[in-house]
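A structural walkthrough
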Amino acid sequence: AQSVAQPEDQVNVAEGNPLTVKCTYSVSGNPYLFWYVQYPNRGLQFLLKYITGDNLVKGSYGFEAEFNKSQTSFHLKKPSALVSDSALYFCAVRDPNTNAGKSTFGDGTTLTVKP
Amino acid sequence: SQTIHQWPATLVQPVGSPLSLECTVEGTSNPNLYWYRQAAGRGLQLLFYSVGIGQISSEVPQNLSASRPQDRQFILSSKKLLLSDSGFYLCAWSPAPGAGNQPQHFGDGTRLSIL
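In this report, we go over the structure that sits alongside the text. (Residues numbered from 1 in each chain as written. Chains lettered and ligands numbered in written order. Predicted model: local features only at pLDDT ≥ 70, side-chain atom pairs only at ≥ 80, totals over all residues. Heavy atoms only, no water.)

Focus: the pairing of strand 12 (residues 109-114) of chain A
Residue and element names in this part refer to chain A. Side chains of strand 12 alternate between two faces, with T109, L111 and V113 buried and T110, T112 and K114 left unburied. Sheet topology places strand 2 (residues 10-14) next to strand 12; five bridges connect them, and they run parallel. What sits directly across from N12, in strand 12, is T112. The sheet contact formed by strand 10 (residues 87-94) and strand 12 spans three bridges and is antiparallel. Looking across to strand 12, one finds that Y89 is bridged to T109. (Buried < 20%, exposed > 50% of the residue type's maximum accessible area, 1.4 Å probe, protein only. Helix = DSSP H or I, 4+ residues; strand = E, 2+ residues; numbered from the N terminus. Pairing = 2+ DSSP bridges.)

Written as C-alpha cells, this is what we have:
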C-alpha cells in the first residue's frame, strides 16, 4: 500500500522569503514522487517529480524539492516566494509496481504568500 | 502536444436526475484515464480508472459509473444523483504503463452542485 501525508493544512509566508511545503510518504519499494499545484476552480498542474538520481529536483516556476529516503520525505521548496505562488499544493506518490500508474495524493496544503 | 478537455465547467442538477460528464484527450494514444472527486478544495478521491477501451476499475462503491467507449473518451455517469454527489470532478490522463514515471495531466474540472 502507498500513502502520503502533508502535515500542514496551511502555510503562510511573506513575499521574498523562502517557503517549504512538507510531504512524507510510505511505499513498499522505491517511490515515484510528484508535486502538483492547483489554482481556484482549475485542475492540478504538474510541478516536478522525483524518479531516481539526484535527490534535489528542480521544476517549474522556480520550485524545487528534496528527496530524503531515510526520512521518507519530499518537501517542496522555493528560495523566494511570490504572491502569485499562493495556491493549493499536492504531493503524490506512486509505487512503480502498481497497475495503471495510480497515484495517491495528499490532502493538500494551502500556501498563502503575503505582500 | 497533448490536451485534455472536460465539460461542462459547472453543472447544477436536481436530486434524482441523471448525470453525464465527458472527458476527451487529444494528441496521445492508449492513455490511462482517471476520474477523481475533490470535496471542498481538499484531497482527491480516485473514483475510476481505465487502462483501455471498455476496461473500467472502480475504486469506491458509489452512485456513479464510468465508461470508455473510445480510446480517448471517458464518461462519468449516474442514473439518479444524490446530494452527496456534489463536488468538483476532475478527469486526468497519463501515458500507458511503460512510462509509469510520468505525471498525470488534469482537465479543468466540472463543479457539480446538487439541489
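The structure having been displayed, the exposition proceeds.
Notes on the nonpolar core
All names here are of chain A. Counting 27 residues, the largest nonpolar core has W35, L47, L48, F74, L76 and Y89 as its most contacted members. Only strand 2, strand 3 (19-21), strand 5 (32-38), strand 6 (44-50), strand 8 (64-68), strand 9 (73-78), strand 10 and strand 12 provide two or more residues apiece to this core. Among the elements that line this core, the one with the most residues is strand 10, at four residues. Setting aside chain neighbours within four positions, we find L48 in contact with L33, F34, W35, V57, K58, G59, F63, E64, A65, F74 and L76. (Core = buried A, V, L, I, M, F, W, Y, C linked by side-chain atoms within 4.5 Å. Contact = heavy atoms within 4.5 Å.)

A closer look at the interface of chain B and chain A
A common measure of how large an interface is: the accessible area buried when the components associate. Across the boundary between the two partners, chain B contributes 23 residues, which contact 25 residues of chain A. Summing both sides of the interface, chain B and chain A together bury roughly 1900 Å²; the carbon and sulfur share of this comes to 49%. Where chain B touches chain A, the interface holds three salt bridges. Each residue belonging to the side of chain B that touches chain A can be placed in one class, and the counts come to ten nonpolar, nine polar and four charged. (Buried area = accessible area lost by both parts, 1.4 Å probe. Salt bridge = Lys/Arg side-chain N within 4 Å of Asp/Glu carboxyl O. Nonpolar A, V, L, I, M, F, W, Y, C, P; charged D, E, K, R; others polar.)

Topic: the pattern of salt bridges
This model, assessed by the stated rule, comprises eight salt bridges over all chains. Across the pair A:E64 and A:K58 runs a salt bridge, and its minimum N-O distance is 2.9 Å. With a relative accessible area of 17%, A:E64 lands in the buried category. We note a salt bridge from B:R37 to B:D85, for which the minimum N-O separation is 3.8 Å. In this pair, B:R37 sits in strand 4 (residues 32-38) while B:D85 sits in the loop between strand 8 (73-78) and strand 9 (87-94), placing the two residues 48 residues apart along the sequence. Accessibility expressed as a relative area gives 14% for B:R37, which makes it buried. Residue B:D85 is classed as buried on the basis of its relative accessible area of 3%.

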